[in-house]
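# Geometric and topological summary
Here is how the chains run, residue by residue.
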Amino acid sequence: AQSVTQPDIHITVSEGASLELRCNYSYGATPYLFWYVQSPGQGLQLLLKYFSGDTLVQGIKGFEAEFKRSQSSFNLRKPSVHWSDAAEYFCAVVRGSGGSNYKLTFGKGTLLTVNP
Amino acid sequence: GAGVSQSPSNKVTEKGKDVELRCDPISGHTALYWYRQSLGQGLEFLIYFQGNSAPDKSGLPSDRFSAERTGGSVSTLTIQRTQQEDSAVYLCASSLTGTSSYEQYFGPGTRLTVT
């Protein structure tokens, strides 16, 4: 069964600092990978996704992520964090093809706090 | 356009009561999903509807949980004889079709508290 690990439960950064949120997945075949963000009381918003091709993907709000097959990782990065980025971030994986290729499996999430 | 909407936004119920949670997907989306978000378990898949196909109910945690989708649009998740462990945020999502290539758009969720 596929699984997603986000090793950091809570990260605090200063506004303007760079950010990297870690995500490791376990899956036998090529997965489709996603990063979602959830602000308090809100649903999940898709930041970016990786299906194939260029391993560095750009998303909304200035985020990017890099797929590294050798490390089974899909880390999220942002060069300069804004106070409005404070939220919880979820990495998710889904089977790229075949049966049940619609069930998202999520990591436990990383809560981001931004200090002024 | 309008996103996925869910009602109620908050629901407090007594243990043993039945509850119904509603989801209105984005117009034209044929696939609809329910997920549960709880402190202990994180985000979990519950059930999936795609058009007129039989739903995938493999994520429902017990037979107290059921869901239906009427007319290929609105969906209702019903929890019978609620227990305290059912307390969670229930998220609904929809997508154009039910394959991994299509983004799932999430609603704001219904926060269920069982007292």
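Everything numeric here is computed off the predicted structure, so don't read it as measured data.

This part covers the packing of aromatic side chains. Between two aromatic rings, the relevant description is the distance of the centres plus the angle of the planes. Residue and element names in this part refer to chain A. In this structure the tally under the stated criterion is 18 aromatic pairs over all chains. Ring geometry for F63 and Y89: centres 5.6 Å apart, planes at 50°, overall tilted. Here Y89 lies in strand 10 (residues 87-95) and F63 lies in the loop between strand 7 (56-58) and strand 8 (64-68), a separation of 26 residues in the sequence. Side by side, F63 and Y89 carry an identical accessibility label, which is buried.

Once that is clear, we can look at the pattern of salt bridges. Following the criterion strictly, the structure yields 8 salt bridges over all chains and no others. Between D8 of chain A and R22 of chain A there is a salt bridge, and its shortest N-O distance comes to 3.0 Å. Residue D8 of chain A is found in the loop between strand 1 (3-5) and strand 2 (10-14), and its partner R22 of chain A is found in the loop between strand 3 (19-21) and strand 4 (24-26); the two are separated by 14 residues along the sequence. The closest approach of N and O atoms between K103 of chain A and D56 of chain B, which form a salt bridge, is 3.7 Å. Taken together, the residues K103 of chain A in the loop between strand 10 and strand 11 (105-106) and D56 of chain B in the loop between strand 5 (42-50) and strand 6 (65-69) connect one chain to another.

On the chain A side, the residues contacting the 21 residues of chain B number 22 residues. Our enumeration of links across chain B and chain A arrives at 1 salt bridge. If you look at where chain B meets chain A, you find 7 residue pairs in polar contact (both at pLDDT 80 or more). The dominant element in the side of chain B that touches chain A, judged by the number of residues it contributes, is strand 5 of chain B, at 4 residues. For the side of chain B that touches chain A, the per-class residue count stands at 8 nonpolar, 11 polar and 2 charged.

Further remarks concern the state of the cysteines. Evaluated as defined, the whole model comprises 2 disulfides over all chains. Through a disulfide, C23 of chain A is tied to C91 of chain A; the S-S separation comes to 2.0 Å. Because the torsion about its S-S bond is -65°, the bridge between C23 of chain A and C91 of chain A counts as left-handed. Of the two residues, C23 of chain A is situated in the loop between strand 3 and strand 4 and C91 of chain A in strand 10; the sequence distance between them amounts to 68 residues. Disulfide pairing places C23 of chain B opposite C92 of chain B at an S-S distance of 1.8 Å. In this structure, the disulfide formed by C23 of chain B and C92 of chain B twists by about -65° around the S-S bond and is classed as left-handed.

With that settled, consider the environment of S87 of chain B. All names here are of chain B. By the element assignment, S87 lies in the loop between strand 7 (75-79) and strand 8 (88-95). Judged by its relative accessible area of 26%, S87 falls in the partly exposed class. For S87 and L39, which are 48 residues apart along the polypeptide, the C-alpha to C-alpha distance reads 9.4 Å. Look past the residues within four positions of S87 in its chain and what remains in contact with it is S38, L112, T113 and V114. Here V114 takes part through its backbone nitrogen, which lies 2.9 Å from a polar atom of the side chain of S87.

What counts, and where the lines are drawn
- Residues numbered from 1 in each chain as written.
- Chains lettered and ligands numbered in written order.
- Predicted model: local features only at pLDDT ≥ 70, side-chain atom pairs only at ≥ 80, totals over all residues.
- Heavy atoms only, no water.
- Phe/Tyr/Trp six-rings, centres within 6.5 Å; stacked < 30°, edge-to-face > 60°.
- Helix = DSSP H or I, 4+ residues; strand = E, 2+ residues; numbered from the N terminus.
- Buried < 20%, exposed > 50% of the residue type's maximum accessible area, 1.4 Å probe, protein only.
- Salt bridge = Lys/Arg side-chain N within 4 Å of Asp/Glu carboxyl O.
- Contact = heavy atoms within 4.5 Å.
- Polar contact = N/O pair within 3.5 Å; in protein donor to acceptor, adjacent residues only side chain to side chain.
- Nonpolar A, V, L, I, M, F, W, Y, C, P; charged D, E, K, R; others polar.
- Disulfide = S-S within 2.5 Å.

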